[in-house]
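# Secondary and tertiary structure notes
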Amino acid sequence: MTDNWQSAAAQRRLAKRHAAERRFRALGLGSIIVSLLFLAILLFTMAKNGLGGLSIDFILGSDSTDATTAGVWSAVKGSLLTMLVTLALSFPMGVLAAIYLEEFAPKNRWTEWVEVSINNLAAVPSIIFGLLGLAVFINLAHLPRSSPLVGGMTLALMTMPVIVISGRNAIKAVPPSIRDAALAVGASPVQTVFHHVLPLALPGILTGTIIGMARALGETAPLLMIGMRAFVSTPPGGITDPSSVLPMQIFLWSDEIDPGFVQNTSAAIIVLLIFLLAMNGLAIYLRNKFETRW
């Protein structure tokens, strides 16, 4: 009798667990469907309104007050230069900071304070970084306003905490046996990190870089503060020339009264999405290329 009761109780627990798993799977599937539905609506709306405006003249043209002659090349080149500056500053500094904090920094209150500060910086609103860039890079350092240099430096400040956090997690995920084996054959701690640990952690670091750069590409608030809202009719020749970026160009066109800019805005959004997919695709390719399984 007792055995039958225990068997029935076990079956009820198993049935409840299976029911909970089914609800969880249904909830997860529903969340994915809702997300894809919103994405499909966005893509359909942008394609409906903007595909008619995509042309070689639109892509290679510069900003203009006339909707029929306005183009996005100035903004595309500005975004490219800004992202290059952001990547050139945030990636090496973020990776080196992650390596130091995870492998070499002593465990004391100072490093704990630094770690907490980095975690808090990753959650700071982006406009705060814009104010910081305005105060330090423009008002204090007198760097050229509305330039990809200042925009990239400001976005690098915003992106670096994300890279540091993801880099530390990726380095921590490398098995300790890798370090022990390298040290056992005579490698120094620095050689162990840069020759063995870092290559294995690189895919995880690149994942965090993808997230940080994708966020930086779509930001407008920090760039508003450093003057990249200015009307720029010619493409920038370098990182110190005045320029705009794609999100800012979309923001400016969406505020225009001329109905012709509705089509230009949607077309510019399509160009921004293609730019984002190309950048992420390259990063994902590099991540998969360097990925090592053990």
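For the structure, see preceding data.
Residues numbered from 1 in each chain as written. Predicted model: local features only at pLDDT ≥ 70, side-chain atom pairs only at ≥ 80, totals over all residues. Heavy atoms only, no water.

### What about the overall build of the protein?
For the protein, the count of helices and strands is 11 helices and zero strands. Listed by position from the N terminus, the elements making up the protein come as α-α-α-α-α-α-α-α-α-α-α. The C-alpha extent of the protein, read off along each of the three principal axes, is 85 × 55 × 35 Å. Counting the 294 residues in the protein, one finds 41% classified as buried. (Helix = DSSP H or I, 4+ residues; strand = E, 2+ residues; numbered from the N terminus. Buried < 20%, exposed > 50% of the residue type's maximum accessible area, 1.4 Å probe, protein only.)

### Considering the side chain of serine 74
Here serine 74 lies in helix α3 (residues 73–104). With sequence-adjacent residues up to four places away left out, serine 74 is seen in contact with Gly61, Ser62, Asp63, Val232, Ser233, Thr234, Pro235, Pro236 and Ser244. (Contact = heavy atoms within 4.5 Å.)

### Quick notes on the packing of aromatic side chains
Applying the stated criterion across every chain yields a total of three aromatic pairs. Geometrically, the ring pair formed by tryptophan 110 and tryptophan 113 is stacked, given 5.5 Å between the ring centres and 20 degrees between the ring planes. Pair noted here: tryptophan 110 and tryptophan 113 are both in helix α4 (residues 109–121), with a separation of three residues, about one helical turn. Here tryptophan 110 matches tryptophan 113 in class, with each residue exposed. Through a chain of ring-to-ring contacts, three or more aromatic side chains come together here, namely Phe58, Trp253 and Phe261. (Phe/Tyr/Trp six-rings, centres within 6.5 Å; stacked < 30°, edge-to-face > 60°.)

### Some thoughts on the nonpolar core
Ranked by internal contacts, the top residues of the largest apolar core, which has 35 residues, are Phe58, Val72, Met83, Leu223, Leu246 and Trp253. At the level of elements, α3, α5 (126–140), α6 (148–172), α8 (189–217), α10 (246–254) and α11 (260–290) are the ones that each hand at least two residues to this core. Looking at this core, the element that brings in the most residues is α11, giving seven residues. In this view, leucine 246 contacts Val72, Ala75, Val76, Ser79, Ala268, Val271, Leu272 and Phe275; residues no more than four positions away in its chain are not counted. Within the second largest apolar cluster, 13 residues are counted, among which are Ala98, Ile99, Ile163 and Ala170. (Core = buried A, V, L, I, M, F, W, Y, C linked by side-chain atoms within 4.5 Å.)

### What to know about a nonpolar patch on the surface
On the surface, a nonpolar cluster with roughly 450 Å² of combined accessible area is contributed by Ile32, Leu36, Leu39, Leu42 and Leu43. Checked against the element boundaries, leucine 43 lands in helix α1 (residues 2–50). Judged by its relative accessible area of 42%, leucine 43 falls in the partly exposed class. (Patch = residues over 30% accessible without salt bridge, like charges linked within 9 Å, V, L, I, M, F, W, Y side chains within 5 Å. Areas by Shrake-Rupley, 256 points an atom, 1.4 Å probe, with all protein chains shown as cover. Salt bridge = Lys/Arg side-chain N within 4 Å of Asp/Glu carboxyl O.)

### Section: the packing of α6 against α8
Contact geometry for α6 and α8: axes closest at 8 Å, N-to-C directions at 150 degrees. Comparing their axes, α8 and α6 come out roughly antiparallel. Crossing of α6 against α8: the hand is right-handed. Side by side, α6 and α8 meet where Leu155, Met158, Thr159, Val162, Ile163, Ser166, Gly167, Ala170 and Ile171 of the first sit next to Val197, Ala201, Gly204, Ile205, Gly208, Thr209, Gly212, Met213, Arg215 and Ala216 of the second. For the contact of α6 with α8, the residue count by class is 11 nonpolar, seven polar and one charged. (Axes fitted to C-alpha atoms, helices over the stretch in contact; angles between N-to-C directions. Parallel < 35°, antiparallel > 145°, perpendicular 65-115°, else oblique. Left-handed = near helix turned anticlockwise from the far one by under 90°. Nonpolar A, V, L, I, M, F, W, Y, C, P; charged D, E, K, R; others polar.)

### Brief notes about the environment of arginine 145
Position of arginine 145 relative to the elements: it lies in the loop between α5 and α6. Excluding residues within four positions of it along the chain, arginine 145 makes contact with Leu134, Ile138, Met225, Ile226 and Gly227.

### Side note on the environment of glycine 52
When you line up the elements, glycine 52 lands in the loop between α1 and α2 (56–60). Through-space distance from the C-alpha of glycine 52 to that of glutamine 263 is 7.5 Å; in sequence the pair is 211 residues apart.

### Topic: unusual backbone geometry
Backbone geometry at histidine 142 places phi at a positive 60 degrees, although glycine is not the residue there. One non-glycine residue with positive phi stands out, namely serine 146, at about 65 degrees. Within the fold, serine 146 resides in the loop between α5 and α6.

### Here's the deal with the pattern of salt bridges
Per the counting criterion, the structure on display carries four salt bridges. Of the charged contacts in the structure, one is a salt bridge between arginine 168 and glutamate 102, with a shortest N-O distance of 3.0 Å. One end of the pair, arginine 168, is in helix α6; the other, glutamate 102, is in helix α3, with 66 residues separating them in the sequence. With respect to class, arginine 168 is no different from glutamate 102; both count as buried. Ionic pairing is found between glutamate 219 and arginine 215, a salt bridge with its closest N-O pair at 3.5 Å. We classify glutamate 219 as buried; its relative accessible area is 13%. Residue arginine 215 is classed as partly exposed on the basis of its relative accessible area of 29%. Within this structure, Glu102, Glu115 and Arg168 form a network of salt bridges that share partners.

### Comments concerning α8
Taking 1.5 Å of rise per residue, 29 residues should cover 42 Å, yet α8 covers just 36 Å from first to last C-alpha, more than 12% shy of that figure. Of all the bends in α8, the largest measures some 55 degrees and sits at leucine 198, one to four residues before the proline proline 199. (Expected span 1.5 Å × (residues − 1). Bend = angle between axes of the 7 residues up to and from the residue.)

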